[in-house]
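Given next are the chains, with one letter for each unit.
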Amino acid sequence: MDDFVKQSDDVERRKLHLAVAPIWGALISIAALLWLLVTSDPGQGGPRLVLAFLAAVFVLLLSCFFLLIQMVGYLLRSGNQRSWYRILYSATVLSFGVVFLLGLQTLGQLRLIDVVLVAVFEVVLNFYILRRF
């Protein structure tokens, strides 16, 4: 019986750490974005600066989408939680699409057809992920 109590306490601690992880990710990525924007010149940075900026934006969007999906799922399902993996997969797909569009805009190649294609890709990929996992 004592072993069961220990295991349930460990599970509760892990859930608490998982719940705090997106908040830490958002805070760290905001700090990284502020540091990049304040300390560097975008014209002088080159591809490494652009890649670091896009990575920080990806982590920020991933954290925000994760928290948003989790909150909406909690409100719509009246307390019944979705799987962490499903939320993470959906948030990853959504944030990748936004970063892809941002990258195209950075290169000056973003057109309406690109936005439509990314939106269709997002819908199909999320449908596949939610059915598969």
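The model shown is predicted, which means the values in this text are computed figures rather than measured ones.

**Thoughts on the overall build of the protein**
For the protein, the count of helices and strands is 5 helices and 0 strands. For the protein, the succession of helices and strands along the chain, N to C, is α-α-α-α-α. Buried positions account for 24% of the 133 residues belonging to the protein. Sequence separation of 24 or more characterises 66% of the internal contacts of the protein that already satisfy a separation of 6 or more. Carbon and sulfur atoms make up 71% of the accessible area of the protein, which totals about 9800 Å².

**Focus: the nonpolar core**
Residues Ala 26, Leu 33, Leu 54, Ala 56, Val 57, Leu 60, Leu 61 and Val 99 constitute the largest nonpolar core, which totals 8 residues. Contributions of two or more residues to this core are made by helix 1 (2–39) and helix 3 (47–76). With 5 residues, the single largest contributor to this core is helix 3. Judged by nonpolar contacts, the second largest core, of 5 residues, contains Phe 66, Ile 69, Ile 87 and Ala 91.

**A closer look at the side chain of Ser 90**
Topologically, Ser 90 is positioned in helix 4 (residues 84–107). Taking the relative accessible area as the measure of exposure, Ser 90 reaches 5% and is therefore buried. Residues contacting Ser 90, with those up to four places away along its chain left out, are Ile 69, Asn 126 and Leu 130.

**Side note on helix 3**
An ideal rise of 1.5 Å per residue puts 44 Å on 30 residues; helix 3 measures up with 42 Å between its terminal C-alpha atoms. Here helix 3 has its buried residues at Leu 49, Leu 54, Ala 56, Val 57, Leu 60, Leu 61, Leu 62, Ser 63, Phe 66, Ile 69, Gln 70 and Gly 73.

Procedures and definitions
- Here the residue numbers are simple positions, counted from 1 along each chain's written sequence.
- Local features in a predicted model are, by the rule used here, given only for residues with pLDDT of at least 70; side-chain atom pairs are given and counted only at 80 or more, and totals for whole chains, interfaces and linings are based on all residues.
- For the side-chain quantities, the full set of heavy atoms in the structure was used; hydrogens and water were omitted.
- Counting from the N terminus, the helices are DSSP H or I runs at least four residues long and the strands are E runs at least two residues long.
- Burial status follows relative accessibility: with a 1.4 Å probe on protein chains alone, a residue under 20% of its type maximum counts as buried, one over 50% as exposed, and anything between as partly exposed.
- A contact between two residues is defined here by any heavy atoms of the two lying within 4.5 Å.
- The protein chains shown are the only cover counted for residues, whose accessible areas, like all others here, come from Shrake-Rupley with a 1.4 Å probe.
- Only buried residues count toward a nonpolar core. Its members are Ala, Val, Leu, Ile, Met, Phe, Trp, Tyr and Cys residues joined through side-chain atoms within 4.5 Å.
- Residue count minus one, scaled by 1.5 Å, sets the expected span of a helix.

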